[in-house]
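Structural description and commentary
The lines below spell out each chain.
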Amino acid sequence: MTDHEKATRRILLHRTLWRWHFYAGLFCVPFVLILAITGAIYLFKPQVNAWLDQPYAHVALSGPAASPEAQALAAVGSIPAGRLKAYQLPDAPDQAVQVLVSAKGEDTRVWVHPQTLQVLKAVPEKGRFMQVVHDIHGELLMGKTGSILVELAGSWALIMVLTGLYLWWPRGAQGLAGVVYPRLGRGGRLFWRDIHAVTGVWISSLALFLLLTALPWTQVWGQAFKEVRRMAVPAAVPADWPTAGNRAQPDDLHAEHRGMKGMANHDHLMPGQYAALNLIVPQAQTLNLAYPALVSPPGKRAKTWTAKSDSQDRPLREEYRFTARGERIGHDGFADKPLLDRVVSVGVAAHEGQLFGLPNQLLGVIAALGMSTLSVSGVVMWWKRRPESRLGAPETLDTRPLSIGLGLLALAFAVFLPVMGISLAIVILLDRLVFPFIPGLRTWLGLAKA
């Protein structure tokens, strides 16, 4: 191959990747903005929940607290057809006790005065502010359809970041201006180009990490990953992270092996059986379980009572098992999980900003601001350069196929990200077999003649 042919190939490759970067960005921008805003809010879930629950953090007491059994019965009795899902260990003696109650497939959080047993507040779990933020972030409040849209956007965002890095890669640049820092004084399109490119390179590693660690939660990729996990670790307990769209609670260790409704499938307890709480709760309070810690009754598969941590810092999670007589009969911690689960748990905790405290949350905010800046600057660049009566996509220069290597790379991404792969196949077919034969549309899209 001559030098001229090599140069032509490089130009065609650059133009092709630029075009896919453009289309990926155009599709992803609204989703990226939604995910960035909701993700930045969700990073501070512990602080937000503590602020919202502040009125119940310290209640007036005039005597000793009632028993855990009585507190749980008061909560369950306030919800028609209610069943005990979990009793949350209070942080202090004067804190209102939070009890999760299941009824007709829905979970309600009930705040009970620890002494008088008065129900102070009851809120459906899916109606809590941070749960709404979580559901917007994971499924756009659209269930499985929304979760697939989010997965599609996240998959294309991966392509957008990777192609953006290729387009940014310095070729004949003189100095670091416009490469690692923006030329803020130049104004116009150059200013926005530098803001877009430099922001992209600085936050690309964070963006890729967040996009990759989100995959286990997705509808299609996540379910396939769980099947691979079952084959790789056949003796492992079910995964403790739910996939989007199944409406299971995001921090419910038992969501997978107690049904799609989280722990709602507990056997119905008779009033006398709640006395087990009086034996288990005092023991659980001595175990130093990371907040929030829950005591849960037996389920249809798990035949024992459990005291466990539902901390978002998942490496801190532990679970103890008890008989109804209060005898401790088992314990599982982070070290007992399969290696694959530990890796995913660390990634999930870091994704949610809970792995190493405030610095983790701030890194998440930086990533969210960076992705928002990329989205806004990309739209501004497109708006400034778009010609009249055209979409403004980079025009194709040739219809010849590119290298086999690029085709294999695209195939690998399509297999790894199946939702993106299906959409890519549809777009390529339309781009090659339909759009070029419609003159007006061909011109608007900037396609070469068929």
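Residues numbered from 1 in each chain as written. Predicted model: local features only at pLDDT ≥ 70, side-chain atom pairs only at ≥ 80, totals over all residues. Heavy atoms only, no water.

**Observations regarding the packing of aromatic side chains**
Within the structure shown, the criterion is met by 11 aromatic pairs. When the ring of F191 is compared with that of W192, the centres are 5.2 Å apart and the planes differ by 85°; the resulting orientation is edge-to-face. For W192, a relative accessible area of 25% corresponds to the partly exposed category. Between W221 and F416 the ring centres are 5.8 Å apart and the planes differ by 75°, which places this aromatic pair in the edge-to-face class. (Phe/Tyr/Trp six-rings, centres within 6.5 Å; stacked < 30°, edge-to-face > 60°. Buried < 20%, exposed > 50% of the residue type's maximum accessible area, 1.4 Å probe, protein only.)

**A short note on the packing of helix 6 (residues 188-214) against helix 9 (residues 339-351)**
Interhelical geometry of helix 6 versus helix 9 gives an angle of 125° and a closest axis separation of 9 Å. What the angle tells us is that helix 6 and helix 9 run oblique. In this structure, helix 6 crosses over helix 9, and the sense of that crossing is left-handed. On helix 9, the residues that touch F209, L210, T213 and A214 of helix 6 are G347, A350 and H351. Here the contact of helix 6 with helix 9 is built from residues that sort into 4 nonpolar, 3 polar and no charged. (Axes fitted to C-alpha atoms, helices over the stretch in contact; angles between N-to-C directions. Helix = DSSP H or I, 4+ residues; strand = E, 2+ residues; numbered from the N terminus. Parallel < 35°, antiparallel > 145°, perpendicular 65-115°, else oblique. Left-handed = near helix turned anticlockwise from the far one by under 90°. Contact = heavy atoms within 4.5 Å. Nonpolar A, V, L, I, M, F, W, Y, C, P; charged D, E, K, R; others polar.)

**With respect to the pairing of strand 2 (residues 97-103)**
The buried fraction of strand 2 is high, at 7 of 7 residues. Pairing of strand 1 (residues 83-88) with strand 2, which is carried by 5 bridges, proceeds in the antiparallel orientation. Bridged to R83 within strand 2 is S102. Taken together, the 7 bridges between strand 2 and strand 3 (residues 106-112) define a ladder with antiparallel strand orientation. Across the sheet, the residue bridging to V97 is V112, located in strand 3. Here strand 2 hands over to strand 3 after 2 residues, with K104 in that stretch at a positive phi of 55°. (Pairing = 2+ DSSP bridges.)

**Some points on the side chain of R229**
In this fold, R229 is placed in helix 7 (residues 220-232). Among residues more than four places away in sequence, those in contact with R229 are A236, V237, P238, A239, W241, L340 and D341.

**Observations concerning a nonpolar patch on the surface**
On the surface, a nonpolar cluster with roughly 750 Å² of combined accessible area is contributed by I422, I426, L429, L430, L433, V434, F437 and I438. Along the chain, I438 falls in the loop between helix 12 (418-433) and helix 13 (439-445). On the accessibility criterion, I438 (38% relative accessible area) is partly exposed. (Patch = residues over 30% accessible without salt bridge, like charges linked within 9 Å, V, L, I, M, F, W, Y side chains within 5 Å. Areas by Shrake-Rupley, 256 points an atom, 1.4 Å probe, with all protein chains shown as cover. Salt bridge = Lys/Arg side-chain N within 4 Å of Asp/Glu carboxyl O.)

**Side note on the environment of R189**
Its place among the elements puts R189 in helix 6. Once you skip the residues sitting within four places of it in the chain, R189 turns out to touch K384 and R385.

**Things to note about the environment of K121**
Following the sequence through the fold, K121 ends up in strand 4 (residues 119-124). In sequence terms K121 and Y56 are 65 residues apart; their C-alpha atoms lie 9.0 Å from each other. Once you skip the residues sitting within four places of it in the chain, K121 turns out to touch Y56, R109, V110 and W111.

**Digging into the sheet that holds strand 6 (residues 305-309)**
Backbone-to-backbone hydrogen bonds pair the strands of a sheet. The strands run either parallel or antiparallel. Across the sheet, which stays open at both edges, the 8 strands sit in the order 4-3-2-1-5-6-7-8 with antiparallel pairing between neighbours. Two strands lie at the open edges of the sheet, namely strand 4 and strand 8 (328-332), each paired on one side alone. Recorded for the sheet is a direction-independent mean angle of 20° between the axes of neighbouring strands.

**Points about the pattern of salt bridges**
Counted according to the given criterion, the structure contains 12 salt bridges. In this structure, E125 and R109 form a salt bridge, with 2.8 Å as the shortest nitrogen-oxygen distance. Here E125 is found in the loop between strand 4 and helix 4 (129-139), whereas its partner R109 is found in strand 3, with 16 residues between them in sequence. Residue class for E125 comes out buried when judged on its relative accessible area of 9%.

**Describing unusual backbone geometry**
Where the residue is not glycine, phi is negative for most of them; where a peptide bond is considered, it is trans in most cases. The residue after Y291, namely P292, is reached through a cis peptide bond having omega -5°. Looking at the secondary structure, you find P292 in the loop between helix 8 (276-284) and strand 5 (293-296). One non-glycine residue, L117, lies in the positive phi region at around 70°. Structurally, L117 is set in the loop between strand 3 and strand 4.

What is shown is where atoms sit, not what they do.
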